[in-house]
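Residues per chain, in single letters:
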Amino acid sequence: MFYTFIRAVVRGLVWLINGNAHYENKEVLPEGAYILVGPHRTWFDPIYYALAGSPKKFSFMAKEELFKNPIIRFILVHANAFPVNRAHPGPSAIKTPVKILKKGDLSLIMFPSGTRHSAELKGGALVIARMSGVPLVPTVYQGPLTFKRLFTRKRITVRFGEPIYIDRKQKMDKDGMTAIDDQMQAAFKQLDAEIDPNFKYIPK
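Throughout what follows, the structure given in this document is the object of discussion. Only a predicted model underlies this, so the values are computations on that prediction, with no experimental measurement involved.

1. A few points about the overall build of the protein chain
1) Next: Secondary structure assignment for the protein chain yields 7 helices and 7 strands.
2) Next: Each helix and strand of the protein chain, ordered N terminal to C terminal, gives the series α-β-β-α-β-α-β-α-β-α-β-α-β-α.
3) Next: Against the globule reference of 17 Å for 204 residues, the protein chain gives a C-alpha radius of gyration of 16 Å, in line with a compact fold.
4) Next: In terms of its C-alpha atoms, the protein chain occupies a principal-axis envelope of roughly 45 × 45 × 35 Å.
5) Next: Expressed as a percentage of its 204 residues, the buried residues of the protein chain come to 45%.
6) Next: Residue pairs at least 24 apart in sequence account for 73% of intrachain contacts in the protein chain once pairs closer than 6 positions are excluded.
7) Next: For the protein chain, the computed accessible surface area is about 11300 Å², with 59% contributed by carbon and sulfur atoms.
8) Next: Once the 30 positive and 17 negative side-chain charges of the protein chain are each reduced to a mean point, those two points are 8 Å apart.

2. Some points on the side chain of K56
1) Next: Mapping K56 onto the fold places it in the loop between α2 (45-52) and β3 (58-63).
2) Next: Within the buried set, K56 has no salt-bridge partner at all; the shortest N-O distance to an opposite charge, 7.7 Å, is to D105.
3) Next: Within the structure, the side chain of K56 is placed 3.4 Å from the backbone oxygen of E31, a separation counted as a polar contact.
4) Next: Residues within four places of K56 in sequence aside, it is in contact with Y3, R7, E31, G32, A33, Y34, G104 and S107.

3. Remarks on the packing of helix α4 (residues 92-103) against helix α5 (residues 124-132)
1) Next: Following both chains from N to C, one finds α4 and α5 inclined at 45°, their axes separated by 9 Å at the closest point. By the angle between their directions, the pair α4 and α5 is classed as oblique. As α4 runs across α5, the sense of the crossing is right-handed. Listed contacts from α5 to A93, I94, P97, V98, L101 and K102 of α4 are G124, V127, I128, M131 and S132.
2) Next: Of the residues in the contact of α4 with α5, the class split is 8 nonpolar, 2 polar and 1 charged.

4. Remarks on the pattern of salt bridges
1) Next: Per the stated rule, a full pass over the model turns up 4 salt bridges.
2) Next: Salt bridges sharing common partners tie together E24, R155, R159 and E194.

5. A short note on the packing of aromatic side chains
1) Next: Per the stated rule, a full pass over the model turns up 9 aromatic pairs.
2) Next: A ring pair is formed by F2 and F74, whose centres lie 5.7 Å apart and whose planes are at 80°; its orientation type is edge-to-face. Here F2, found in helix α1 (residues 2-17), pairs with F74, found in helix α3 (residues 70-78); they are 72 residues apart in sequence, far enough to count as distant.
3) Next: Looking at F2, the relative accessible area reads 23%, which means it is partly exposed.
4) Next: A connected cluster of aromatic rings, assembled from ring pairs, spans W43, F44, Y48, Y141, F147 and F151.

6. With respect to the layout of surface pockets
1) Next: Within this model, the largest pocket holds a volume of roughly 1500 Å³.
2) Next: Lining the largest pocket are 45 residues, with P46, F60, M61, A62 and F111 positioned closest to its centre.
3) Next: At 7 residues, the largest contribution of residues to the lining of the largest pocket is made by α1.
4) Next: Its residues assigned to classes, the lining of the largest pocket comprises 35 nonpolar, 5 polar and 5 charged.

What counts, and where the lines are drawn
Residues numbered from 1 in each chain as written. Predicted model: local features only at pLDDT ≥ 70, side-chain atom pairs only at ≥ 80, totals over all residues. Heavy atoms only, no water. Helix = DSSP H or I, 4+ residues; strand = E, 2+ residues; numbered from the N terminus. Rg over C-alpha atoms; globule rule 2.2 N^0.38 Å. Buried < 20%, exposed > 50% of the residue type's maximum accessible area, 1.4 Å probe, protein only. Contact = heavy atoms within 4.5 Å. Areas by Shrake-Rupley, 256 points an atom, 1.4 Å probe, with all protein chains shown as cover. Lys, Arg positive; Asp, Glu negative; His and termini not counted. Charge placed at Lys NZ, Arg CZ, Asp CG, Glu CD. Salt bridge = Lys/Arg side-chain N within 4 Å of Asp/Glu carboxyl O. Polar contact = N/O pair within 3.5 Å; in protein donor to acceptor, adjacent residues only side chain to side chain. Axes fitted to C-alpha atoms, helices over the stretch in contact; angles between N-to-C directions. Parallel < 35°, antiparallel > 145°, perpendicular 65-115°, else oblique. Left-handed = near helix turned anticlockwise from the far one by under 90°. Nonpolar A, V, L, I, M, F, W, Y, C, P; charged D, E, K, R; others polar. Phe/Tyr/Trp six-rings, centres within 6.5 Å; stacked < 30°, edge-to-face > 60°. 1 Å grid on protein atoms, 1.4 Å probe; cavity = no way out; pocket = protein on both sides within 12 Å on 5 of 7 lines; lining within 4 Å. Points joined across faces, edges and corners; volume = space filled by probe spheres on them.

Written as structure tokens, this is what we have:
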């Protein structure tokens, strides 16, 4: 109930601020649980990912420092977020999302690169997808990269790609993970080109 309420409030706020969001290719989204994966380009792209995937509800990873504030912790917990120690993730960083995804009620939003200024993909999303038996859905955000520029009402586009299914027998060795990483990177590039063939991400 809280998640639905917050999502409605956020949807109204981003419409007032920008009002020019477009969500493309939603028909490819699986009916069951899945992991939305995409390049992390701005601090608010997970908000647009969650709105774009509606009515599906999502869970999020959040750095554990945010949970120290009781008010923020309340909001995060009720918005289906869970804490992760980025420096030392530990087994819970895998076990918690796998448990959530296996229940089937929530999907997960992850940024495999980990940070907004890295193109290097990490293996966490692949391992979680394999262990939980859910597909990865490549997703990209194109639009303003700063909160100030949202007010220019420049077009925002979130586009979904075809799901990537990982065989549970797939080896998570270096070669196996590199092959899937390459597949995700290729999907991101294709989605960007489908939105705007001249797009080039420049970090702010």
